[in-house]
Amino acid sequence: FRTTALGARVPVAICDDTVVRPPGPGQEGALAYASRPEYQYSAGELAAIEAAVLAVRRRGPEPRYWESVMPGDELDRIVKGPYTRMSMLCYYMGAAGAPNNRAFDMWWRNRHLAFTDPGALPDAVNPSAYAGTGVTPLGHHEGKIAQVLGMPGVYDNGPQRTGLLISCLTNWVGDHGFVYRIRHRLRAPVILGDTLFIDAAVTGTGPAPAGSDPPALLDAARFGAVTIDLVASNQLGDQVSAATAVVLLPRRGALSS
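Presented here is a report on the structure given in the accompanying data block. Bear in mind that the values here come from a model prediction, so they are computed numbers and not experimental data.

**Considering the nonpolar core**
Turning to step 1, where the next piece is worked out: Counting 28 residues, the largest nonpolar core has Leu75, Trp172, Ile198, Val226, Ile228 and Leu230 as its most contacted members.
Turning to step 2, where the next piece is worked out: At the level of elements, α2 (85–94), α5 (158–173), β5 (196–207), β6 (223–233) and β7 (239–250) are the ones that each hand at least two residues to this core.
Turning to step 3, where the next piece is worked out: Leaving out residues up to four positions away in the same chain, leucine 230 has contacts with Leu165, Cys168, Leu169, Ile198, Asp199, Ala200, Ser241, Ala242, Ala243 and Ala245.
Turning to step 4, where the next piece is worked out: Listed in part, the six residues of the second largest apolar core include Ala220, Phe223, Ala225 and Leu248.

Written as structure tokens, this is what we have:
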């Protein structure tokens, strides 16, 4: 949210996501990935990852104008990894909507309610069976459980990976633009030891959608839309994600008028 000059709070972004989960173990269409050991990096590979991470630069306050963008323009590659258990712990510590991850008293209280009065659990604890385990879901933490679920190993969190792709966009857009929409398809699991190499390119430009959400963008004439395709591959060269995004960039003169 941002606060207007009149003191009203208006959203600057709206998240409305749809999650499609595969059938459970033993059901038709369930996942059946072969187990894959954690990747072992050479010193040279780790040095290359470090150099790529340190080379990333955010656009920041320097405006990127819509008129300066052309189809075929490439965004700077970003590299995220190697993936560790700390990556998941840090994500859950900061992620909104992860009420199942509680410790000590709250863990026991939620667990008790899951068995005795599921309706009394916080609305976001869904399904209530998760509260009986203390961790949601266990496949993100336990290798044996991940393999029962048909995953190759302890795996990442889908919204977390979406956020990593979005960081590629926000680095490029800068402070004066907006990520308007992203559609992200998880093509393959990311497991412990994997590194994401995220590449993106402009595929089209056009006018900003009329009546653009969020409401903070009241004057669509001040912005232009840019369509961007993104792909993420792991250190083995396997494509694990594909996405299409629309970002809004300021038109020349819009920031001074």
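Back to the write-up after that little detour.
**Describing the packing of aromatic side chains**
We describe a pair of aromatic rings using the distance from one ring centre to the other and the angle between the two ring planes.
Turning to step 1, where the next piece is worked out: Scanning the entire structure with this criterion turns up two aromatic pairs.
Turning to step 2, where the next piece is worked out: On the numbers, 4.6 Å between centres and 70° between planes, the contact of tyrosine 39 with tyrosine 41 is edge-to-face.
Turning to step 3, where the next piece is worked out: Given a relative accessible area of 23%, tyrosine 39 falls into the partly exposed group.
Turning to step 4, where the next piece is worked out: Taken together, a centroid distance of 5.7 Å and an interplanar angle of 70° make the contact between phenylalanine 178 and phenylalanine 223 edge-to-face. Of this pair, phenylalanine 178 sits in strand β4 (residues 178–186) while phenylalanine 223 is found in strand β6, placing the two residues 45 residues apart along the sequence.
Turning to step 5, where the next piece is worked out: For phenylalanine 223, a relative accessible area of 12% corresponds to the buried category.

**A word on the sheet that holds β4**
Turning to step 1, where the next piece is worked out: One open sheet holds the five strands; their spatial order is β3-β5-β6-β7-β4, and the pairing between them is antiparallel. If you trace the sheet from one side to the other, it starts and ends with β3 (78–80) and β4, each paired once. Pairwise comparison of adjacent strand axes, ignoring direction, gives a mean angle of 25° for this sheet.
Turning to step 2, where the next piece is worked out: Relative to β7, β4 runs antiparallel, the two sharing eight bridges. Paired with arginine 185 across the two strands is alanine 242, which belongs to β7.

**A closer look at the pattern of salt bridges**
Turning to step 1, where the next piece is worked out: Applying the stated criterion to the full structure yields four salt bridges.
Turning to step 2, where the next piece is worked out: A salt bridge links glutamate 62 to arginine 59; its shortest N-O distance comes to 3.6 Å.
Turning to step 3, where the next piece is worked out: Measuring nitrogen to oxygen at the nearest pair gives 2.7 Å for the salt bridge that ties aspartate 156 to arginine 161. The same class applies to aspartate 156 and to arginine 161, which are both buried.

**So, unusual backbone geometry**
Turning to step 1, where the next piece is worked out: In this structure, the amide linkage connecting glycine 81 to the following residue, proline 82, adopts the cis form with an omega of -5°.
Turning to step 2, where the next piece is worked out: You can see proline 82 is positioned in the loop between β3 and α2.

Here is what the cut-offs are and how they apply
- Counting starts from 1 at the beginning of each chain's written sequence and moves along it residue by residue.
- Totals for whole chains, interfaces and linings use every residue, but because this is a predicted model, local features are given only for residues with pLDDT of at least 70 and side-chain atom pairs only at 80 or more, for both listing and counting.
- For the side-chain quantities, the full set of heavy atoms in the structure was used; hydrogens and water were omitted.
- The set of buried Ala, Val, Leu, Ile, Met, Phe, Trp, Tyr and Cys residues whose side-chain atoms join them within 4.5 Å is what this entry labels a nonpolar core.
- Any residue under 20% of the maximum accessible area for its type is buried, any over 50% is exposed, and the rest in between are partly exposed; the area is computed with a 1.4 Å probe on protein chains only.
- Strands here mean DSSP runs of E at least two residues long; helices mean DSSP runs of H or I at least four residues long; both are numbered from the N terminus.
- The contact criterion used is simple: two residues touch if any of their non-hydrogen atoms lie within 4.5 Å.
- Each pair of aromatic rings taken from Phe, Tyr and Trp, with Trp reduced to its six-membered ring, is defined by centres within 6.5 Å and is described as stacked if the planes are under 30 degrees apart, edge-to-face if over 60, and tilted in the remaining cases.
- At least two DSSP bridges between two strands are required for those strands to pair.
- Under this scheme, a helix contributes an axis fitted over its contacting stretch, all axes are lines through C-alpha atoms, and angles between N-to-C directions fall in the 0 to 180 degree range.
- Within this document, salt bridges are pairs made up of a side-chain nitrogen of Lys or Arg and a carboxyl oxygen of Asp or Glu, the two lying within 4 Å of each other.

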